[in-house]
Amino acid sequence: QVQLVESGGGLVQAGGSLRLSCVASIRTVSAMGWFRQAPGKEREFVAATSWSGGTSGYADAVKGRFTISRDSTKITVYLQMNSLKAEDTAVYYCAARAIFSSEYSSKEYDYTIWGRGTQVTVSS
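Source: prediction; values computed, not measured.

Asks: In this structure, what is going on with the environment of I99? I would like to understand it.
Replies: By the element assignment, I99 lies in the loop between strand 9 (90–97) and strand 10 (113–114). Classification of I99 as exposed rests on a relative accessible area of 61%. C-alpha of I99 to C-alpha of A61: the two residues are 38 residues apart in sequence and 28 Å apart in space.

Printed below as a string of structure tokens:
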């Protein structure tokens, strides 16, 4: 069974940093991304990266603060989060796109494999 396992969440003060990791038990993906869901809100796109094209994209709310990167040898994706704000508090989900594409996607329906999520709490 294909799994995505996230790690690296936790409690941090505003202005601090965290690094999330997501390891996939799958041989290949076309893209991997991060989404988040805050209490009482819908899940939203955070960042994603394509595997073959090497392109990445970010939500406007995190541009300049978050960086997505990947390790192709291990099918692992990271999310470096700097200058964290209280509004970044959410459960962060890793997602993988198995269907071949050279592009990343910001749409949930393009990702067929999801992790269970890791909590990120930013105190103000």
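Moving on from the model shown.
Asks: Teacher, can you tell me more about the side chain of R97 here?
Replies: Assignment of secondary structure puts R97 in strand 9. Accessibility expressed as a relative area gives 14% for R97, which makes it buried. Of note is the side chain of R97, whose polar atom sits 3.2 Å from the backbone oxygen of E103. Discounting chain neighbours no more than four positions away, the residues touching R97 are V29, S30, A31, E103, Y104, S105, D110 and Y111.

Asks: What is the right way to read the sheet that holds strand 8 (residues 76–81) from this model?
Replies: Sheet strands pair by backbone hydrogen bonding; their relative direction is either parallel or antiparallel. Spatially, 1-3-8-7 is the arrangement adopted by the 4 strands of the open sheet, whose pairing is antiparallel. Each of the sheet's edge strands pairs with one partner strand only, and the pair in question is strand 1 (4–7) and strand 7 (66–71). Within this sheet the neighbouring strands show an average axis-to-axis angle of 15 degrees, counted without direction. Summarising the sheet, strand 3 (residues 18–24) and strand 8 pair through 6 bridges and their orientation is antiparallel. In the strand pairing of strand 8, L20 is matched with L79.

Conventions adopted
- Residues numbered from 1 in each chain as written.
- Predicted model: local features only at pLDDT ≥ 70, side-chain atom pairs only at ≥ 80, totals over all residues.
- Heavy atoms only, no water.
- Helix = DSSP H or I, 4+ residues; strand = E, 2+ residues; numbered from the N terminus.
- Buried < 20%, exposed > 50% of the residue type's maximum accessible area, 1.4 Å probe, protein only.
- Polar contact = N/O pair within 3.5 Å; in protein donor to acceptor, adjacent residues only side chain to side chain.
- Contact = heavy atoms within 4.5 Å.
- Pairing = 2+ DSSP bridges.
- Axes fitted to C-alpha atoms, helices over the stretch in contact; angles between N-to-C directions.

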